[in-house]
Amino acid sequence: MVVIGVGYLGITHAACMAELGHEVLGVDVDEAKIEQLREGTVPLYEPGLSRMLRRHLAEGRLRFTTSYADAAEFGDVHFLCVGTPQRDGSDSADLSFVEAAVHALAAELTGPALVVGKCTVPVGTAARLARTVRRSAPGADLAWNPEFLREGRAVDDTLKPDRLVFGAESRAALDLLHAVYSLPIAAGTPVISTNFATAELVKAAANAFLATKVSFINAMAEICEATGADVVELARALGYDGRIGHRYLRPGLGFGGGCLPKDIRAFRARAQELGAHRTLEFLREVDAINLRRRHRLVRLAAEQCGGLGGRRVAVLGASFKPESDDVRDSPALYVAAAVQGEGAQVTVYDPKAIANARRHSPGLRYAGSARAAAAGADLVLHLTEWKEFQEIDPAELSPVVGMRAIVDGRNALDPLRWRAAGWTYRALGRP
């Protein structure tokens, strides 16, 4: 089995396929990254991934290369895990990496093979790539098997998925995918076998729905701020309705990362290309609500300090979510930079993402602990809901700060506990 593209998705998929018992070859054009992986170094943080990868490297079940010729010779199943970033100057997806990988692989294939797309692409992409594969490599076929990974839980999501979606045009392709995932299927994972377009839309629709749910409760937070209601209590009450549920109904600073924001924009852009431009226009407002929360957090911080100019502000969190070192489109870093832009002196701490944050935002200051970041601070901003931050004893933090004031951007701290320790506690959508 071959995994093409060893970014976040590809490294995880390669290691997990080895865990499921397959012989795996990872392929990428980035020689430095391939050398890192050969040495057992994973260039990202994902719980459980490094240990799994090193074990399968040592056992010889997992290898890495930059050669598409080696890939074509090695395996009969080739997973496409390359990136589909937002195109510069457009909301549309940039498919150049996918297309380059398909052309490079197809040029080397000489016998029967199945190319399996896992990356998120606009609907209609798989059918076009299938024609490319069949034209360049007679005997080869293509299927689409979208990924549904959550950063911080990606290993479990791969080994124990809540569903498997197979988009294919041949029985042989479906049979081969069932064989690849035989262990999860035997454990009871539901399988949906469908056509290319539906398989592509499952991923796009899932991300659109989740983003809408997050932005809905954050829209309710705006109403709560205007009325004195408590959005956390509101979300809890709504979540007990079985038709709604609690998951993704946490109000706060909103979503970020390398997938959800760019995927909903690409989905709306694709709808416009298909002539269904009005159908997904609500996603424009979903995106806008999400971005508004960041601006509101900055205003709330300024209100707490009577203005941010000359203030010292500690920021707890840099990654876009906990259990990840990913800072792409991170709401936490956005707010940190915006607060600094208002004249504050900002110091950031994150348990895992400091190195990536330094590269992304070199103009900010960084500390090696929450206590060090908070030293002399007039205000503490809690912006990524790491467990470490939720376990902070506010009484122990009190002696090091300049003012006992905290804004909880994730509604994940206990306000009673912080207020009992003499802190002024504020949060989005709460009185």
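Please read these numbers as outputs of a predicted model, since none were measured by experiment. (Residues numbered from 1 in each chain as written. Predicted model: local features only at pLDDT ≥ 70, side-chain atom pairs only at ≥ 80, totals over all residues. Heavy atoms only, no water.)

Asker: Explain the packing of aromatic side chains residue by residue, including any values.
Answerer: Taken as a whole, this structure holds four aromatic pairs when the rule is applied. With 6.4 Å between their ring centres and 75 degrees between their planes, Phe 79 and Tyr 181 make a pair best called edge-to-face. Here Phe 79 is found in strand E4 (residues 77–80), whereas its partner Tyr 181 is found in the loop between helix H8 (171–180) and helix H9 (182–186), with 102 residues between them in sequence. The class of Tyr 181 is buried, set by a relative accessible area of 2%. (Phe/Tyr/Trp six-rings, centres within 6.5 Å; stacked < 30°, edge-to-face > 60°. Helix = DSSP H or I, 4+ residues; strand = E, 2+ residues; numbered from the N terminus. Buried < 20%, exposed > 50% of the residue type's maximum accessible area, 1.4 Å probe, protein only.)

Asker: Report on the sheet that holds strand E13 (residues 405–408), specifying residues and quantitative values.
Answerer: Here we have six strands laid out as an open sheet, ordered E11-E10-E9-E12-E13-E14, and parallel in their pairing. Edge positions in the sheet fall to strand E11 (365–366) and strand E14 (424–427), since each of these pairs with one other strand and no more. Both strand E9 (residues 312–316) and strand E12 (residues 379–382) contribute to a ladder of four bridges, which runs parallel. Each residue of the ladder has a partner; that of Ala 314, found in E12, is Val 380. On top of the sheet, helix H13 (residues 282–305) reaches E12, E13 and E14; it is set at about 160 degrees to E14, its chief contact. Lying over the sheet, helix H14 (residues 331–341) contacts E9, strand E10 (345–349), E11 and E12, oriented at roughly 160 degrees with respect to E10. (Pairing = 2+ DSSP bridges. Contact = heavy atoms within 4.5 Å. Axes fitted to C-alpha atoms, helices over the stretch in contact; angles between N-to-C directions.)

Asker: An account of the pairing of E14 is requested, with residue identities and associated values reported.
Answerer: Alternating positions in E14 separate cleanly, Tyr 425 and Ala 427 being buried on one face and Thr 424 and Arg 426 remaining unburied on the opposite face. Where E13 and E14 come together, four bridges link them in parallel fashion. Bridge pairing links Asp 408 to Ala 427 in E14. Read as a crossover between parallel neighbours, the route from E13 over helix H19 (residues 415–420) to E14 is right-handed. (Right-handed = clockwise from strand over helix to strand, strands pointing away.)

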